[in-house]
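Structure at a glance
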Amino acid sequence: MLNSSPVVASERIVHRLPSHIVLATDFTARCDRAQDRAVQLAMEWNASLTAVHAIDDVSLSAEPVARLASQAAARRNARRLREELATMNLRSSVQVDIGAPATVVQTLRRESMPI
């Protein structure tokens, strides 16, 4: 999600580049292209990047062993992504939160929007 906002200056609209990009990921290969593009844009625009993974509430009701394994895998994948992003000239963070994916991403997006 990009949080660019128009600025009205002298009767014309000037668009500022986003200062923060939020990337929703499930840490699978199908997110690689979106991740690569988010990194590219963050570097090009000198924006910070936050990757967020949501552990769905529904999966929390699963078998305790499966739930713990899923949470451990998410933490491990988040650590790997943090390490990968740390090698780049990029302000970044990786979050793993519990909740419905749409809610988690929207909450993070609202929190990252400039006032």
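Residues numbered from 1 in each chain as written. Predicted model: local features only at pLDDT ≥ 70, side-chain atom pairs only at ≥ 80, totals over all residues. Heavy atoms only, no water.

Concerning the side chain of Gln35
Note the cut-off: A helix here means a DSSP run of H or I that spans at least four residues, while a strand means a run of E at least two residues long, and both kinds are numbered starting from the N terminus. Think of a polar contact as two N or O atoms within 3.5 Å of one another; within protein, one of them needs to be a possible hydrogen donor and the other a possible acceptor, and neighboring residues in sequence only count if both atoms come from side chains. Should any heavy atoms of two residues lie within 4.5 Å, those residues are counted as being in contact.
With respect to the helices, strands and loops of the structure, Gln35 is situated in helix H1 (residues 32-45). At a separation of 3.3 Å, a polar atom in the side chain of Gln35 contacts the side chain of Glu84. Excluding anything up to four places from it in sequence, Gln35 contacts Leu23, Leu81 and Glu84.

Describing the sheet that holds strand E5 (residues 92-98)
Which entries qualify depends on this criterion: DSSP bridges decide pairing: two strands pair if at least two such bridges lie between them. Angles run from 0 to 180 degrees between N-to-C directions of axes, and those axes are lines fitted to C-alpha atoms, restricted for helices to the stretch in contact.
Taken in spatial order, the three strands of this open sheet run E3-E4-E5, and their pairing is parallel. Two strands lie at the open edges of the sheet, namely strand E3 (20-24) and E5, each paired on one side alone. Each adjacent strand pair in this sheet contributes to an overall mean axis angle of 25°, direction not counted. Alignment of strand E4 (residues 48-55) against E5, held across seven bridges, turns out to be parallel. Opposite Ile55, over in E5, you have Ile98 as the bridge partner. On the sheet, H1 packs against E3 and E4 and is oriented at approximately 175° with respect to E3. Strands E4 and E5 of the sheet are contacted by helix H3 (residues 64-86), whose axis makes an angle of about 170° with E5.

Considerations on the nonpolar core
Defined as follows: To define a nonpolar core, start from buried Ala, Val, Leu, Ile, Met, Phe, Trp, Tyr and Cys residues and group those joined through side-chain atoms within 4.5 Å. Burial here depends on accessible area, computed with a 1.4 Å probe over protein chains only, as a share of the maximum for the residue type. Under 20% is buried, over 50% is exposed, and the range in between is partly exposed.
Counting 16 residues, the largest nonpolar core has Ile21, Leu49, Leu81, Leu85, Leu90 and Val94 as its most contacted members. At the level of secondary structure, the elements contributing two or more residues to this core comprise E3, H1, E4 and H3. Among the elements that make up this core, the one with the highest residue count is H1 (five residues). Leaving out residues up to four positions away in the same chain, Leu85 has contacts with Val39, Leu49, Leu90, Ser92 and Val94. Val22, Val52, Ala54 and Leu108 belong to the second-largest nonpolar core, a separate cluster that totals six residues.

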